[in-house]
Amino acid sequence: MMRCLVQKKTYLVILSSLLLFALLLYWTRRAPTTVDVRSGQSYKAQNVLKERLQNVQNSYDNIPYVLKESVAGRLALNGCVCEADKKPAIDLPFAQVLFPRVWAQDDFHTAFQEAELAQVKSRRQQEYNSFQQRYQTPADLLVIAEANSPLQYPTQGVEVRPLKTIVIPGLGLKEKHRQLHTVNLTATLGTFDVLATVDGVSIRGQGMMHMTLSSRLLSTLNRQLQFVTYTNTLFHPRTADTVQFETDGHQSVFTMKVGHAVIPKLYHSVYTGEYSISSLVTIATKTFLRYDKLQDLIDSIREFYPTVAIVIADDNEHPQPVKGPHIEHYIMPFGKGWFAGRNLAVSQVTTKYVLWVDDDFLFTSNTRLENMVEILEKTTLDMVGGAVRETTGYTATFRHTISVEEGGEEGDCIHIRNGYHHVIDGFPNCVLADAVINFFMGRTDKMQQVGFDPRLNRVAHLEFFIDGLGILHIASCDDIIINHASKIKLPWGKSDSEKAYAKFRYSSSDAVQIKNALFYFKNRLKCMSSN
Ligand SMILES: *[C@@H]1O[C@H](CO)[C@@H](O)[C@H](O)[C@H]1NC(C)=O
């Protein structure tokens, strides 16, 4: 009895020391459990890659070459300018209408005082650096696959969820027979292991960030490489691990994306064989001092779409009730402004699409929302603009392309031109553009993502498309037309509220200053050219 107890105790002691030992071993071998998410700290890989790139590029320095200037001129050098077209020698009548000249604005920095500019600039540089850290991952860095490498590995398309494990596809070694075939794997954000073992292969560093596999037989090593796993050990919602894969005399690098899956935001709407506009679309508008116009707009909408929801943002000083079925009227603080109103209206939309209209537009039988829905449903586009018909009969689509040229430390150059990129297959009246007129339908989630900067409180329109460049995929169709009730009108024909609106809307000289400051700091631009 006594002996039995003593034996049990000894077993227990041995067992617990074994456990302790195992635990210690586990602790010492485990990958680090702290993560450095400070900007600029997670880029160990950058240095490795830079060094490799140097070696690749320096090899042929002594061989001469001749520059081809026609092509060199097209390359972005480290700097850009915004240039206006020269004034033609002969001033033809209507020249500006027929051949619109490019104008340029090169003074965004003047939105700030001379004395504070240096500080603003360094502040902007800081913010820009941290923006780049947040938006780039090691998967965006340049990687060169060197010639004649015996190493086989995936160049792209490998993805692992944070803290999860995958089998790395495509690893292999192709070389002549030798005494011992060896490969090394080194990760920066996770550990390696094997899903299965193959006889005759020796493995060192299982469960660690550096693993070595070797075998006398190439075939067994290659078999073993099919079972190599990678486990991400540092949580990051969106980054990439840069893996070094080496054998004697050869090194390669590949990246595996680490990140959560994108969670979709899907809209459930009624579908009965044809598009139900009121279940798919909400009409949004912003009103200021023009209740008569707004009522005309609502009446015109109701003639064609009696049940579609209308969201109205209103920043009048003395708001008046706007009543009716399927109308949501949001009163804002007085004079909050144009983009603040757009932002508020769009934030309240729960349908898949939102249609933007100005409060002095009028629906007609040409205002076929079904056509806009159709192109959005059948393509990958995020937004489609229509055409606005003035009281004179002139119809405008206001299509523009936007391009950004890198400008180094001073900021980038933005170039806006009339025109479009391509006609869209299957939709002969529609083209791809980067900016469209203020009559457009868009995917609600995308519009909310870009947002309308509420600091733009007076005249603003293209600013939204500049913020959305690279996010929104936009079309413009000239066969979906809305009427403009006013604007081109003789001054004595204006009503009192219209006069007040015009005064309020166009009086503020600060507006230009605010705009320039946003271009300079928020968008990090130094200049703009346009036509
Ligand atoms: C592989 O890693 C080991 C150390 O873990 C090192 O001794 C060896 O030189 C490396 N081999 C190659 C080919 O890089």
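Preceding block: the structure.
Described in the following lines is the structure provided in the data block. Computed from a predicted structure; not experimentally measured. (Residues numbered from 1 in each chain as written. Predicted model: local features only at pLDDT ≥ 70, side-chain atom pairs only at ≥ 80, totals over all residues. Heavy atoms only, no water.)

## Side note on a negative patch on the surface
Right, so step 1: There is a patch of like negative charges on the surface, built from Asp292, Asp296, Asp299 and Glu303.
Right, so step 2: By the element assignment, aspartate 292 lies in helix α8 (residues 291-304). (Patch = residues over 30% accessible without salt bridge, like charges linked within 9 Å, V, L, I, M, F, W, Y side chains within 5 Å. Areas by Shrake-Rupley, 256 points an atom, 1.4 Å probe, with all protein chains shown as cover. Salt bridge = Lys/Arg side-chain N within 4 Å of Asp/Glu carboxyl O. Lys, Arg positive; Asp, Glu negative; His and termini not counted. Charge placed at Lys NZ, Arg CZ, Asp CG, Glu CD. Helix = DSSP H or I, 4+ residues; strand = E, 2+ residues; numbered from the N terminus.)

## Describing the environment of threonine 367
Right, so step 1: If you trace the backbone, threonine 367 turns up in the loop between β17 (361-362) and α10 (369-378).
Right, so step 2: With 66 residues separating them along the chain, threonine 367 and isoleucine 301 place their C-alpha atoms 9.3 Å apart.
Right, so step 3: Aside from chain neighbours lying at most four places away, what touches threonine 367 is Tyr305, Leu362, Phe439, Ile481 and Ile482.
Right, so step 4: Among the polar contacts made by the side chain of threonine 367, one reaches the main-chain carbonyl oxygen of isoleucine 481 at a distance of 2.7 Å. (Contact = heavy atoms within 4.5 Å. Polar contact = N/O pair within 3.5 Å; in protein donor to acceptor, adjacent residues only side chain to side chain.)

## Some thoughts on helix α14 (residues 510-522)
Right, so step 1: Between its first and last C-alpha, α14 extends 17 Å over 13 residues, near the 18 Å set by a 1.5 Å rise per residue.
Right, so step 2: Regarding α14, the residues found buried are Ala511, Asn516, Ala517, Leu518, Phe519 and Tyr520.
Right, so step 3: Along its buried surface, α14 packs onto β1 (103-105), α5 (114-135), α12 (462-467) and β26 (525-530).
Right, so step 4: Looking one or two places after α14, you find arginine 524, whose phi comes out positive at around 55°. (Expected span 1.5 Å × (residues − 1). Buried < 20%, exposed > 50% of the residue type's maximum accessible area, 1.4 Å probe, protein only.)

## Let's talk about the environment of tyrosine 135
Right, so step 1: Looking at the secondary structure, you find tyrosine 135 in helix α5.
Right, so step 2: Taking the C-alpha atoms as reference points, tyrosine 135 and threonine 239, 104 residues apart in sequence, are found 9.4 Å from one another.
Right, so step 3: Setting aside residues up to four positions removed in sequence, tyrosine 135 forms contacts with Asp140 and Arg238.

## Brief notes about the pattern of salt bridges
Right, so step 1: One pass over the full model with this rule turns up 18 salt bridges.
Right, so step 2: Lysine 378 serves as the salt-bridge partner of glutamate 374, at 3.5 Å between the closest nitrogen and oxygen. A residue pair is termed a helical-turn pair when its members lie 3 or 4 positions apart in one helix, as glutamate 374 and lysine 378 do in helix α10 at 4 residues.
Right, so step 3: Its relative accessible area of 28% is what places glutamate 374 among the partly exposed residues.
Right, so step 4: Taking the relative accessible area as the measure of exposure, lysine 378 reaches 54% and is therefore exposed.

## Description of the site of the ligand
Right, so step 1: As a structural note, the neighbourhood of the ligand is formed by Asn184, His210, Thr212, Glu246, Thr247 and Asp248.
Right, so step 2: One of the side-chain nitrogen or oxygen atoms of asparagine 184 is found 2.3 Å away from an oxygen atom of the ligand.
Right, so step 3: Contact with the protein chains hides 53% of the accessible area of the ligand, taken as 360 Å² for the molecule alone.
Right, so step 4: Breaking the shell around the ligand down by element, the ones donating at least two residues are β9 (210-215) and β11 (238-247).
Right, so step 5: For the shell around the ligand, the residue count by class is no nonpolar, 4 polar and 2 charged. (Near = heavy atom within 4 Å. Nonpolar A, V, L, I, M, F, W, Y, C, P; charged D, E, K, R; others polar.)

## Focus on the sheet that holds strand β4 (residues 165-167)
Right, so step 1: Pairing is antiparallel across the open sheet formed by 3 strands, whose spatial order is β4-β10-β7. Every interior strand has two partners, whereas the edge strands, β4 and β7 (190-194), have only one. Along the sheet, successive strands turn relative to each other by an average axial angle of 25°, direction set aside.
Right, so step 2: Judged from the 5 bridges that link them, β7 and strand β10 (residues 228-232) form a sheet pairing that is antiparallel. Residue pairing for β10: phenylalanine 192 is matched across the bridge by tyrosine 230. (Pairing = 2+ DSSP bridges. Axes fitted to C-alpha atoms, helices over the stretch in contact; angles between N-to-C directions.)

## Some points on α10
Three- or four-residue spacings in an α-helix give side chains the same orientation, since the helix completes a turn every 3.6 residues.
Right, so step 1: Of the positions making up α10, those classed as buried are Leu369, Met372, Val373, Ile375 and Leu376. Down the axis, α10 shows its buried residues gathered within 165° of arc, on one side only. (Arc of directions from axis to C-beta.)

## With respect to the pairing of strand β8 (residues 201-204)
Right, so step 1: Along β8, the buried face is formed by Val201 and Ile203; none of Ser202 and Arg204, which line the opposite face, is buried.
Right, so step 2: The pairing of β8 with β9 spans 4 bridges and is antiparallel. Looking across to β9, one finds that isoleucine 203 is bridged to leucine 213.

## Topic: the packing of aromatic side chains
Right, so step 1: Applying the stated criterion across every chain, the model contains 14 aromatic pairs.
Right, so step 2: A cation over a ring is seen here: arginine 524 above tyrosine 128, with NZ or CZ 3.7 Å from the ring centre. (Phe/Tyr/Trp six-rings, centres within 6.5 Å; stacked < 30°, edge-to-face > 60°. Lys NZ or Arg CZ within 6 Å of the ring centre and 35° of its normal.)

## Notes on the pairing of strand β23 (residues 427-433)
Side-chain positions along a regular strand alternate between the two faces of the sheet.
Right, so step 1: Counting buried residues along β23, 5 of its 7 residues qualify, which places the element largely inside the surrounding structure.
Right, so step 2: As defined by bridge partners, strand β22 (residues 423-424) adjoins β23 across 2 bridges and the pair is classed as antiparallel. Each residue of the ladder has a partner; that of valine 423, found in β23, is valine 431.
Right, so step 3: Joining the antiparallel neighbours β22 and β23 is a turn of 2 residues, in which glycine 426 adopts a positive phi near 85°.
Right, so step 4: Sheet topology places β23 next to strand β25 (residues 474-484); 4 bridges connect them, and they run antiparallel. Pairing of alanine 433 across the sheet is with isoleucine 474, part of β25.

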